[in-house]
Amino acid sequence: MAKSTSSEKVIVVAGDVTVDWNLARVEGRAGGLAWSALDCTRAGCQPGGAAMLAELIKTAAKEPSRSRQERFTVRHPAVDWQKVLPTDEAFHHSYALWSLYEEQLHDRQKTVWRVKEFLGLDHCTFSTPGENQERAVAGDPPPGLVVLDDANLGFRSHSHLWPQALTQEPPAPWIILKMASPIAQGPLWEELYRRHAHRLVVVIPVKDLRLTEVRISRDLSWERTAQDLFWELTHNLRISGLSHCAQVVISLNAAGALLLSKTATGPRGTLIFDPRVMEGAWEGRHPGSLIGYTICLTAGIAREIMASPEGPDFTKGVQAGLTALRSLHLGGYDIAPLGPGKVVPTLVFPYERIAAALTQEGGPWEVSEVPLPAQPEPLPFALKGPSRSGRWNILQEKHPNNLQQVARQIVRRGVKEALPGVPLGKFGALETVDRLEIESLRSIRILMREYCCHPRHTKPVSIAVFGPPGSGKSFAIKQIARSFSQLPAPLEPREFNLSQFHHPEELLGALHQVRDVGLGGKMPLIFWDEFDTALMGQPLGWLRYFLAPMQDGTFQEGQITHPLGRAIFVFAGGTSATMENFSQGHSPEAFRAAKGPDFVSRLRGYVNILGPNRRKTERGLAVNDPHYLIRRAIILRVMLKLHWDTLFQKENDLTLLNIDPGVLHAFLEASHYKHGARSMEAVITMSALTHKTHFERSSLPSEAQLDLHVDGREFLSLVQTIILPEVVVDKLAGAVHQIYCEKVHATSKHSARRTCCKTYKDLDPEDKEQNRAFVRDIPHKLAQVGYRLIPASGPPLTPDLTEVIENLAEAEHLRWLQAKIEQGWRHGAKTEKARKVHQDMLWWQKLSAQEKGGLPAEWLQALGKGELPEGEKDKNRDLVRQIPEIVTRAGYCLVKD
């Protein structure tokens with residue numbers, strides 16, 4: 001190797017080296033057992049492991065650095081690959097069978113080479129060979145970066161093979177350790193952990209981490225996967241040493257990665273992810289596999305260190321590696337130049353293409369900081385679901401305020417445009433962004449897929465689905481069934497409403513139909529709707545008749561026992577809105593008498609479908625459900641697309657909905673849909689939209705017709721409600737703050753308090769949003785006391801609001817309380833160290849014990865004892881007294897309905 005010059009930077013690459021044998025098969029005819037001269041296979045070898053990684057880093061080092069032009073010398077394993085034979089026992093040999101796959105690339109169809117089957121690895125007969133490892137050249141400067149490929153093939157256990165740079169005096173180099181299972185074990189890890197943890201970057205595929213003693217969820221939600229990883233890396237004694245390294249990157253293949261960084265204040269977790277897919281979903285759309293995924297990710301991090309060794313941006317390095325990983329998979333391996341008369345290709349890693357991909361900016365990658373959970377989350381199939389409170393939610397993180405505006409954008413432009421960077425759960429035509437609903441639906445999907453794909457299951461599997469009437473329970477399960485691409489047997493849905501059965505013998509005919517579907521070669525997907533209704537006056541009377549079919553897969557008809565075979569039973573609740581309500585909504589004695597515990601013990605999973613209505617208590621208070629508007633918006637767009645496609649128009653890559661702002665406002669803000677999603681659909685289908693390309697106000701049904709499904713008067717009033725543009729909202733929010741400051745200056749006796757009132761533009765973002773939220777709520781508050789906004793057409797009118805001031809002030813305090821509780825605030829003194837405490841988190845009036853019983857748990861936990869002081873009540877009264885002045889400044893006036 002040539003001696004490097006003093007202006008060059010040295011990178012050392014070492015580790016386990018393999019010879020990768022690629023068996024490329026070309027089929028000249030349809031497959032079969034007979035020999036054919038048209039079928040051919042070509043075997044070619046290439047450097048693998050540390051040698052492949054070194055070649056990619058060397059190629060990437062030739063690309064221009066982002067910050068400055070530099071020259072790099074890469075010392076790496078030296079092997080004469082032209083002389084390597086399959087019988088050479090000095091090397092590890094890996095084998096893979098490659099095939100051609102159809103792929104859509106840049107609006108054209110192309111065939112690409114990917115691995116069809118990995119055929120295993122032959123270990124060398126010696127310990128890892130030493131003669132092919134890197135060797136320092138006299139006069140070389142010390143390396144600034146050392147990259148180690150530890151595939152657990154011997155390198156980690158033989159210290160004489162390790163680079164001399166690991167023992168060099170400060171300044172210590174950056175070290176990247178690409179590690180395979182078993183994780184955090186062996187002499188190499190112990191040496192690096194002891195001496196170099198502060199400069200050590202560890203790269204691990206999640207599949208290798210799962211082989212360790214850890215519990216990491218798969219395909220449920222990004223939030224759960226990220227927090228599972230964060231928890232295990234910092235609390236699991238088996239691998240917690242990783243959290244002391246400078247950086248740890250857990251690769252989730254083409255879907256994303258978790259970056260764990262050591263900081264002065266403790267470990268910090270960063271999730272880099274594609275919000276449109278989960279782990280394994282992207283690769284599922286592009287069949288086949290490749291060799292070199294983690295190598296791409298490692299090279300992306302190495303390139304970032306090369307570009308900025310003093311302060312590398314590891315997030316950018318991971319993003320570059322993920323982009324290169326996808327480029328590798330989409331394009332497959334390259335074909336080596338063919339010699340004369342050669343028709344079968346020799347496959348090689350596409351070094352130039354992947355090095356170029358490492359320089360690309362952008363991509364689908366989103367970044368979110370991961371909060372460390374206080375404890376591991378419950379298992380996904382636990383029949384007692386976790387509480388919704390305190391759960392990290394990327395949607396809430398990215399859109400903590402003004403969900404009304406986001407909901408309007410979802411309906412007009414679609415979920416992907418309105419919620420960039422927010423994980424989306426898509427199951428056929430069903431879309432959801434609610435984390436708990438996504439996890440529940442995905443856990444059911446996993447359960448159904450595992451059951452369908454493994455013939456060892458010979459008895460029915462049972463699932464329960466709960467939700468308010470019209471929430472879309474059967475629709476959700478049917479869309480999950482539609483989302484399966486390939487199953488051994490097609491699913492055949494059948495539905496039986498048990499409320500229409502009057503005697504247990506009627507159940508026999510339904511069970512015979514289940515059996516017939518299975519005998520016909522299909523998988524029965526059976527909905528037992530309203531299974532929790534009474535039978536002959538006995539509450540939950542049907543449960544006992546399902547115990548034998550669920551447990552034994554049989555049913556009794558007289559003296560004959562019939563086997564049911566394989567089937568998926570879906571029990572849809574008719575009287576219970578949630579699993580908790582079903583299992584706890586009856587006295588323990590009555591539940592046991594109805595065989596409720598026996599029934600629940602036979603369930604393998606459940607899901608609560610939330611529907612379009614805001615979850616409320618008996619007193620009408622929301623139960624920490626800030627995203628009901630988002631659910632409602634998604635349902636509305638899907639229904640309009642389903643029934644009136646003419647209302648949509650294409651504009652570039654967008655599909656835009658033409659709808660009157662007032663009509664959209666009424667659909668989103670209606671206080672309650674009497675029959676859930678069915679009522680939303682009814683209002684749409686009742687509207688006069690034939691041959692229309694715009695949903696106008698005149699298209700809506702009459703008030704009397706609307707009363708069937710909503711409060712008709714309220715709905716039509718919402719249509720007429722003025723929706724303040726965000727520019728006006730911000731202007732009026734400044735006016736609200738100015739009025740507040742004027743009041744402080746006029747009434748405060750303390751000069752310090754008078755001078756501390758900031759200007760609106762200098763307020764913190766959270767305080768600004770608090771003022772905006774008050775302005776946005778003005779039309780709603782006015783509607784509650786019989787007033788509405790209209791554009792002013794003459795001299796300003798100043799109605800007398802004296803009689804309703806108290807109601808408006810209490811409504812304003814309730815709005816403020818609800819917003820604070822949804823953001824995680826609680827009652828506390830200003831002297832407390834906790835960030836989200838406020839001394840005014842008190843009820844307007846002192847609550848009785850009975851009234852407290854009607855409050856949700858999160859309200860009871862957040863509110864302090866006693867009632868709001870009179871001085872704080874006066875602030876709310878003063879604020880709402882200014883409403884006429886505020887709306888006048890906006891060019892509107894108040895009229896009484």
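Our structure is the block above this text.
Residues numbered from 1 in each chain as written. Predicted model: local features only at pLDDT ≥ 70, side-chain atom pairs only at ≥ 80, totals over all residues. Heavy atoms only, no water.

Draft legend 1. Quick peek at the packing of aromatic side chains. Enumeration over the complete set of coordinates arrives at 23 aromatic pairs. Ring geometry for phenylalanine 667 and phenylalanine 695: centres 6.0 Å apart, planes at 70°, overall edge-to-face. Pair noted here: phenylalanine 667 is in helix H20 (residues 661-669) and phenylalanine 695 is in the loop between helix H21 (677-686) and helix H22 (703-706), with a separation of 28 residues, a long-range link. Neither phenylalanine 667 nor phenylalanine 695 differs from the other in exposure class; each is buried. Through pairs of rings, three or more aromatic residues link up here, namely Phe466, Phe496, Trp528, Phe531, Phe546, Phe569, Phe571, Phe582, Phe591 and Phe599. The ring of phenylalanine 648 carries the charged tip of lysine 641 above its face, separated from the ring centre by 4.7 Å. Sitting above the plane of the tyrosine 760 ring, lysine 768 keeps its charged end 5.6 Å from the centroid. (Phe/Tyr/Trp six-rings, centres within 6.5 Å; stacked < 30°, edge-to-face > 60°. Helix = DSSP H or I, 4+ residues; strand = E, 2+ residues; numbered from the N terminus. Buried < 20%, exposed > 50% of the residue type's maximum accessible area, 1.4 Å probe, protein only. Lys NZ or Arg CZ within 6 Å of the ring centre and 35° of its normal.)

Draft legend 2. Region of the structure containing the side chain of glutamine 479. With respect to the helices and strands, glutamine 479 occurs in helix H13 (residues 473-482). Given the relative accessible area of 6%, glutamine 479 is considered buried. Residues in contact with glutamine 479, not counting those within four places in the same chain, are Phe427, Gly428, Ala429 and Leu430. (Contact = heavy atoms within 4.5 Å.)

Draft legend 3. Main features of unusual backbone geometry. With omega at 0°, the peptide bond leading from serine 181 into proline 182 counts as cis. With respect to the helices and strands, proline 182 occurs in the loop between strand E8 (174-179) and helix H2 (187-196). Positive phi is not limited to glycine here, since asparagine 152 has a value of about 60°. Within the element layout of this structure, asparagine 152 appears in the loop between strand E7 (145-150) and E8. Residue asparagine 253 is not a glycine yet carries a positive backbone phi of 55°. The residue asparagine 253 is located in the loop between strand E10 (247-251) and strand E11 (256-263) in this model.

Draft legend 4. Region of interest: H2. Restricting attention to buried positions, one finds in H2 the residues Leu188, Trp189, Glu191, Leu192 and His196. Down the axis of H2, the buried side of the element spans an arc of 165°, and every buried residue falls inside it. Turned more than 90 degrees away from the buried face of H2, the exposed residues are Glu190 and Arg194. Buried-residue contacts for H2 involve E7, E8 and strand E9 (200-205). (Arc of directions from axis to C-beta.)

Draft legend 5. Focus on the sheet that holds strand E2 (residues 17-26). Ordered by their spatial adjacency, four strands build an open sheet running E3-E2-E5-E6, and the pairing between neighbours is mixed. The open sheet is flanked by strand E3 (40-49) and strand E6 (108-122), the only strands paired with a single partner. For this sheet the average axis-to-axis angle between neighbouring strands, irrespective of direction, equals 30°. Across seven bridges, the pairing between E2 and strand E5 (residues 92-105) is parallel. Of the residues in E5, the one forming a bridge with tryptophan 21 is tyrosine 95. (Pairing = 2+ DSSP bridges. Axes fitted to C-alpha atoms, helices over the stretch in contact; angles between N-to-C directions.)

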